[in-house]
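Residues per chain are reported as follows:
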Amino acid sequence: MIDAWRLFPVLALAALAGASVWLERITRIEEPAFVGEQTGPDFVAEHTRVVGFGEDGRQRYELIADRLEHFPAGDITRLHQPQLRMQDEQRETRITAARADVSPGGERVDLAGEVKVRRPGAGDDLPLALDSETLTVWPDAHRAETDSPVVLVRGASRATALGMRADNLFGTLELSGEVRTFMPRRQGSPS
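Just so we're clear, the structure is a prediction, and the values are computed from it rather than from any experiment.

### Here we look at the overall build of the protein
Scanning the protein from terminus to terminus reveals one helix and 14 strands. For the protein, the proportion of its 191 residues judged to be buried stands at 28%. Looking at the protein alone, contacts between residues at least 24 apart form 30% of all its contacts between residues at least 6 apart. About 13700 Å² of surface is accessible on the protein, with carbon and sulfur atoms providing 55% of the total.

Following this line, the structure appears as structure tokens:
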């Protein structure tokens, strides 16, 4: 038989350990989890190039930017000094701006700051230049619009307006608000 006095140190240590665990649990301060929203970017890339291809495997667009930042709040991608080059069967269109915000999935691009659209001529089609402070582009749908003043130059013709909508799929361009145009006479036309 074991003497009781020999078990006393073991029982005392067990009681002390149990009391320590109990004391630690009741005095623990739960730190609240951070529930604030992240305001800064979670991803930054310098000198980026993104290329998009169509279902047929041909390049549809190329996007180059000096800096790309992704913001998890809203899943927005911000581009600094973006250059968008869109390709179709006949020609390419180049769009530049100071900055752009790309929506989730890349369906919509909101360009701002010295937006310039340039499309070279092809065959009988004259070159086109459009300048504005803002422009929203839907690259897959080949649509664009702005409510900012625009200057449109096509060949020797010039137009200004307070807004514009373009749909390249249907080949339509609609100028809105105080539209002013200058169209030179054609050579050999009667006066």
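Alright, that's what it looks like, and here's the rest.
### Topic: a nonpolar patch on the surface
Together, Trp22, Leu23 and Ile26 make up a nonpolar patch on the protein surface, roughly 350 Å² of accessible area in all. Assignment of secondary structure puts Trp22 in helix α1 (residues 4-27). Of the residues examined, Trp22 reaches a relative accessible area of 54% and is grouped as exposed.

### A few points about the pairing of strand β2 (residues 59-71)
Within a regular strand, side chains alternate between the sheet's two faces. Sheet topology note: the strand β1 (residues 43-53)/β2 ladder contains ten bridges and is antiparallel. In the sheet register, Val50 faces β2, and the bridge partner there is Leu63. Once β1 ends, the chain turns through five residues before running back antiparallel as β2, passing Gly57 with a positive phi of about 90 degrees. Of the strand pairs in this sheet, β2 and strand β4 (residues 83-87) are connected by four bridges, and their pairing is antiparallel.

### Regarding the pattern of salt bridges
This model, assessed by the stated rule, comprises twelve salt bridges. Among the ionic pairs, Glu69 bridges to Arg67, the shortest N-O distance being 2.9 Å. Note that Asp125 and Arg154 form a salt bridge whose closest N and O atoms lie 2.2 Å from each other. Of this pair, Asp125 sits in the loop between β7 (109-119) and β8 (128-138) while Arg154 sits in strand β10 (residues 150-154), and the two are 29 residues apart along the sequence. Judged by its relative accessible area of 19%, Asp125 falls in the buried class. What makes Arg154 partly exposed here is its relative accessible area of 36%. Connected through salt bridges with shared partners, the residues Arg49, Glu62, Arg85, Glu92 and Arg94 form a single ionic network.

### Let's talk about the nonpolar core
Formed by 26 residues in total, the largest nonpolar core has its most connected members in Leu79, Ile95, Leu111, Leu135 and Val137. Breaking this core down by element, the ones donating at least two residues are β2, β4, β6 (99-102), β7, β8, β10, β11 (157-161) and β12 (163-167). Leaving out residues up to four positions away in the same chain, Leu79 has contacts with Leu63, Ala65, Arg67, Leu68, Ala98, Arg99, Ala100 and Val102.

### Quick look at the packing of aromatic side chains
One pass over the structure, following the stated rule, counts zero aromatic pairs. The side chain of Arg143 reaches across the aromatic face of Trp138, ending 4.3 Å from its centre.

### Observations regarding the environment of Leu135
Inspection of the secondary structure assignment puts Leu135 in strand β8. According to the relative accessible area criterion, Leu135 is buried, its value standing at 2%. Excluding residues within four positions of it along the chain, Leu135 makes contact with Val109, Asp110, Leu111, Val115, Val117, Ala144, Glu145, Thr146 and Met164.

### A look at the environment of Arg60
By the element assignment, Arg60 lies in strand β2. Through-space distance from the C-alpha of Arg60 to that of Asp88 is 6.8 Å; in sequence the pair is 28 residues apart. Other than its neighbours up to four places away in sequence, Arg60 contacts Gly52, Phe53, Gly54, Arg85, Met86, Gln87, Pro139, Asp140 and His142.

Reading guide: rules and limits
Residues numbered from 1 in each chain as written. Predicted model: local features only at pLDDT ≥ 70, side-chain atom pairs only at ≥ 80, totals over all residues. Heavy atoms only, no water. Helix = DSSP H or I, 4+ residues; strand = E, 2+ residues; numbered from the N terminus. Buried < 20%, exposed > 50% of the residue type's maximum accessible area, 1.4 Å probe, protein only. Contact = heavy atoms within 4.5 Å. Areas by Shrake-Rupley, 256 points an atom, 1.4 Å probe, with all protein chains shown as cover. Patch = residues over 30% accessible without salt bridge, like charges linked within 9 Å, V, L, I, M, F, W, Y side chains within 5 Å. Salt bridge = Lys/Arg side-chain N within 4 Å of Asp/Glu carboxyl O. Pairing = 2+ DSSP bridges. Core = buried A, V, L, I, M, F, W, Y, C linked by side-chain atoms within 4.5 Å. Phe/Tyr/Trp six-rings, centres within 6.5 Å; stacked < 30°, edge-to-face > 60°. Lys NZ or Arg CZ within 6 Å of the ring centre and 35° of its normal.

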